[in-house]
There are 2 protein chains.
Amino acid sequence: MPYLCFMDIRSFFEYGHEEYLPHLSSDVVVIGYAEEKLKCLLLRIGARWLLPGGFIKLDESVEEAASRILTERTGLNDPHLKFLSVFGKSERNFAEEWKEHLEKFGVSWKQDLWINKRFVSLAYYSLVNIPDTHPVTGPLDEAFGWFDLDELPPMWMDHRDIALMARHKLRSDIRKDLVTHHLLPRHFTMPQLHQLHQVILNKDLDRSRFQKQMLATGFFERLPKLQKETRGRNPYQYRIKENKDH
Amino acid sequence: MPYLCFMDIRSFFEYGHEEYLPHLSSDVVVIGYAEEKLKCLLLRIGARWLLPGGFIKLDESVEEAASRILTERTGLNDPHLKFLSVFGKSERNFAEEWKEHLEKFGVSWKQDLWINKRFVSLAYYSLVNIPDTHPVTGPLDEAFGWFDLDELPPMWMDHRDIALMARHKLRSDIRKDLVTHHLLPRHFTMPQLHQLHQVILNKDLDRSRFQKQMLATGFFERLPKLQKETRGRNPYQYRIKENKDH
DNA sequence: TCAAAAGTGTTCTCTTTACACCCATGT
DNA sequence: ACATGGGTGTAAAGAGAACACTTTTGA
C-alpha cells in the first residue's frame, strides 16, 4: 500500500497528538460519476461507513492535508479539490462511536485520548474520474466502496450531512466554475458532458443550448471525430484547453 | 466593559490552552459604511493593527465563537455574520510578532507557550451599521478605529489579506444574497442603497434598473415618504420585510 | 418657475428558450 | 434506405442596458 504513511495503529492513538493538530480533522467527499449517477467514495468501519478523512500535520497546510489524504486513499497525483465547509458544532465529539472499535485494535480506550476530544472538521470535495482512482483501505477501515449519493448507507457521525452538502455545493458551483470535466476521462464528448450536467442538476437541459454555452466559454478543444463506436453518427471528442482549467 | 469576558491577561497566556481549542483562532472582518466608503474595524497593538479575533472555547461551536467575539467587540446583539475562509498555511505562526508585546504585560515569553504555536484561522466577515456599534478595546489592544478598506494601515500577520478577501467575497456575494442592508440603518432609501452598491462594486449602476431589480425581489417594504429633508424631491424609505432577511 | 433629486417609462439590444431541421453512419 | 444518435439553425420570449421623461419640493 504505497500511499499509506500512517504510523502504526497503536502509536497513532497514543501519540497522534504529537504529530497532528489536535481537535482538527479534514474530511474529503470524493465524488465520481458512473452508470449515469453521482457516486461517493466511502470506507467501512464495522456496520457503518465514513468519508475518507484524516488529520492535519503540524508542518503542513490544511490544503496540503486534504490533498495528502485524498492521494493516500485514491492514488491520484494532482486531484481536484475544493473547500466545502467547516463543521464545528461543540458537541461534535465521537468518543463513544470510537469506543468499541478501538478495542479491536488492542488499544485501551480512555476518555482523555486525543481522538476522543471534540473535533472541528474542515471538509472538502473532490471530483474524480473513477477509472483513474485506485482506492485502498487504511489501517482502520475494512473496505471501500462507491455509493450512489441518492442511496447512502448508514454513516458514522455527521458524514452523511457532509456528503449531501457537497452535492449541494457542486450544484451551485457548476454555474461559476468549469470543473465537471474532472468527473470524466480527459477526452469526452458533449453528449457525455450534457448527460453529466443533467444528472448533477437533476433536470433536463436543452442539448442545443448546452453545447453552445459550453463551447462559448472557449475552454474546449475539439479533437478529431472518433470513428465507429456506436450505431448512428459519432460525437466529436473534446478536451479542456491547457492553462484554462478553472 | 460589559462585553469583555476574558480572564485576566496572565492567566490567558498561561492557561488559555485549557479553555480554548489550541491551534485555532477566529478572526472577523467587521465591515461598515460611512462617508461613501467601506470601512473596517481594526484594533491597534503597538505600531500595527489587527482584526478583531479570538479563540474558540471548548464548549462552543465555531459560529458561536465568531458571534461572541463580534459581540464582545461591538456590543451588537444579533450581528450579521458570514463565513469567509480558512487560513491554514503551515507557517502561520506569529510567535515572533507576539514576543515584544508579551513582555509589556509582564508575561515571560516562552517558545512553547500555546499562543506561539502554528494557528489555523477561521475567518468571517460581518456587515454592520456603524452607528449601532459600540466598539471597545480589549485587554491586549490599545485602540480601535474604522479604516477605509482602500487605505488600510500596517497590519499584523496576514490580516491585511483577510480583510481584502472579505471585500472580494462581499463583491461576489452581493449578487446572490440580499445582505447589504446590514450596512445601513433599518430604514433606508433606494438612493442610499444604490450608492452603497456602487461603492462596493466600484462601478456605476443604472439607477432605473437597480431600483427595479431590488423591488422585484419582493423583499422591500416601502414606508411613507420622509418629509422635508433636502432640496428636491425626497425619497421613499424602505425596510426589509420580516422573515425575508435571508 | 426653475433647479435638483427621485422615481418611472420606453426603446433597443442581447441572451435565453424551445423546437425544428440537417448530418453521419451502421444495419 | 432508414433508423439512430449527433450537431446546428431559427424564431419567439424574456432579461438587460441606455436614456428620456415625469414628479416632487425648496429656493
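Not measured: the values here are computed from a predicted model.

S.K.: Residue-level account of the sheet that holds strand E8 (residues 188–189) of chain B, with values.
M.R.: Residues and elements named next belong to chain B. Read from one edge of the open sheet, three strands run E8-E10-E9, paired in antiparallel fashion. Edge positions in the sheet fall to E8 and strand E9 (220–223), since each has one partner strand and no second. Two strands pair when backbone bridges link them, and E9 and strand E10 (residues 237–240) are joined in this way by four bridges, in the antiparallel orientation. By the bridge assignment for E10, Glu-221 is matched with Arg-239.

S.K.: Explain the protein's contact with DNA strand D residue by residue, including any values.
M.R.: Around DNA strand D sit 20 residues, and of these Ser208(A), Arg233(A), Tyr236(A), Arg209(B) and Arg233(B) come closest. When atoms of DNA strand D within 4 Å of the protein are sorted by moiety, sugar and phosphate together comprise 56%. Between DNA strand D and Arg207(A) there is a distance of 3.0 Å, counted from a base nitrogen to a side-chain nitrogen or oxygen. Arg222(A) is positioned with one of its side-chain polar atoms (N or O) 3.2 Å from a phosphate oxygen of DNA strand D.

S.K.: I'd like a description of the interface of chain B and chain A, backed by residues and values.
M.R.: Chain B puts 21 residues into the contact, and the matching count from chain A is 21 residues. Overall, the association of chain B and chain A removes approximately 1,400 Å² of surface from exposure, summing both partners, and the carbon and sulfur fraction of that is 69%. When the area that chain B buries against chain A is broken down by residue, the three leading residues are His23(B), Val86(B) and Arg118(B), summing to 28%. The tally of links between chain B and chain A comes to zero salt bridges. Taken together, the links from chain B to chain A amount to eight residue pairs in polar contact (both at pLDDT 80 or more).

S.K.: Tell me about the pattern of salt bridges, residues and numbers included.
M.R.: Under the definition given, this model contains 29 salt bridges over all chains. Residue Glu72(A) is joined to Arg68(A) by a salt bridge in which the shortest nitrogen-to-oxygen separation is 3.0 Å. Here the residue Glu72(A) and the residue Arg68(A) both occupy positions in helix H2 (residues 62–74), the gap between them amounting to four residues, near one helical turn. Judged on exposure class, the residue Glu72(A) and its partner Arg68(A) are both buried. Residue Lys82(B) pairs with Asp177(B) through a salt bridge whose shortest N-O separation is 2.7 Å. Of this pair, Lys82(B) sits in strand E5 (residues 82–87) while Asp177(B) sits in the loop between helix H4 (159–176) and E8, and the two are 95 residues apart along the sequence. Its relative accessible area of 25% is what places Lys82(B) among the partly exposed residues. For Asp177(B), a relative accessible area of 17% puts it in the buried group.

Rules and cut-offs
- Residues numbered from 1 in each chain as written.
- Chains lettered and ligands numbered in written order.
- Predicted model: local features only at pLDDT ≥ 70, side-chain atom pairs only at ≥ 80, totals over all residues.
- Heavy atoms only, no water.
- Pairing = 2+ DSSP bridges.
- Helix = DSSP H or I, 4+ residues; strand = E, 2+ residues; numbered from the N terminus.
- Near = heavy atom within 4 Å.
- Polar contact = N/O pair within 3.5 Å; in protein donor to acceptor, adjacent residues only side chain to side chain.
- Contact = heavy atoms within 4.5 Å.
- Buried area = accessible area lost by both parts, 1.4 Å probe.
- Salt bridge = Lys/Arg side-chain N within 4 Å of Asp/Glu carboxyl O.
- Buried < 20%, exposed > 50% of the residue type's maximum accessible area, 1.4 Å probe, protein only.

Keep in mind these values describe shape, not function.
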